[in-house]
Amino acid sequence: MSGFRIDQPFLSQILKDIGEGKIQLPDFQRGWVWDDERIRSLIASVSQEFPIGSVLILNPTGTNVRFIPRLVKGVNSNRANTEPDTFILDGQQRLTALYQALMLGTAVSTKDTKGREVLRHYYFDMKVSINNDTDREEAILSCGDDHKIEIETPDGNTQKIDLSSNEEQYAYNMFPVNKLLDDADWRQEYGQHWRDDREKINLLFEFEGNIIRPFNQYSIPVIELRGVPREAICKVFEKVNTGGVTLTVFELLTASLAAEDFQLREDWEIREERLKEHSVLQNILYYRILRMSIFYRY
């Protein structure tokens, strides 16, 4: 490996570059797989200024590696560059979670605890979030695309509220996570809504210091590889993706062969459809994994 450099840009700049297509994924990367619980935990960590790990990116300039680029899920293709400056090798799930939760302005496409596809909006309960005796994750509420959520009332009962309008968000002190990096209008209107209530204004000031400011000042260590030889790509990709959601042998092989300008996933999907036409080959997925394991081992 001819070299690398380490930088520590603001999270807001990284997410902006993702939205503009300057940072993309190599096409061999797996899809978006994180669930609602992981996203809430990640948001809580950033709000407390806890480290969430470094990100590894590849700068293809000056190398003979040519990957097919793919936008991070949720990025509007009409507003993004076609060719990226860098590729994400490690950190896709974290960055996708933060991009969707903080930048989209629409529901996050994720999964529930049972693995079902769901849409989620995220809110900070402002009062709970400034309470140092409460687990920060308890302050982060998620709800479906209808923006309806259950809260506990002072008498110990529960009440379903609708947060689809700004007025309801102000009334119940629920700050939308997707406004954390662009909060000026929301804060101004909240202040106008409660202009005669000093307690609410103080709550806003505390929330700004405890939650909003950490997000805007949060930075992530980014390791940028430069001049990486083709044969090193798969090995690096394998080493840095040993944690989190484990990569399959097929996904590792896809990465390895992508460096040789061969799109294994696309080729397999074509062959798989042809094989499914024959009833005797109903268990082809098992045999694929077995064959890939043997091939990768040797």
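Now for a look at the structure at hand. (Residues numbered from 1 in each chain as written. Predicted model: local features only at pLDDT ≥ 70, side-chain atom pairs only at ≥ 80, totals over all residues. Heavy atoms only, no water.)

Before going further, it helps to examine the pattern of salt bridges. Scanning the entire structure with this criterion turns up eight salt bridges. Between Asp 183 and Arg 187 there is a salt bridge; the shortest N-O distance is 2.2 Å. Assessed through its relative accessible area of 23%, Arg 187 is described here as partly exposed. As a salt-bridge pair, Glu 208 and Arg 187 come within 3.7 Å of each other at their nearest N and O atoms. Of the two residues, Glu 208 sits in helix H7 (residues 198-217) while Arg 187 sits in helix H6 (residues 184-193), which places them 21 residues apart along the sequence. Bridged by salt links that share partners, the residues Arg 5, Glu 224 and Arg 226 form one connected network. (Salt bridge = Lys/Arg side-chain N within 4 Å of Asp/Glu carboxyl O. Buried < 20%, exposed > 50% of the residue type's maximum accessible area, 1.4 Å probe, protein only. Helix = DSSP H or I, 4+ residues; strand = E, 2+ residues; numbered from the N terminus.)

Attention now moves to the nonpolar core. Counting 50 residues, the largest nonpolar core has Ile 18, Ile 43, Leu 102, Phe 124, Leu 180 and Phe 215 as the members making the most contacts within it. Elements with a contribution of two residues or more to this core: helix H1 (11-19), strand E2 (23-26), helix H2 (36-47), strand E3 (55-59), helix H3 (92-103), strand E7 (117-125), H6 and H7. Excluding residues that lie within four positions of it along the chain, Ile 43 makes contacts with Ala 101, Tyr 122, Phe 124, Ile 140, Val 177 and Phe 215. (Core = buried A, V, L, I, M, F, W, Y, C linked by side-chain atoms within 4.5 Å. Contact = heavy atoms within 4.5 Å.)

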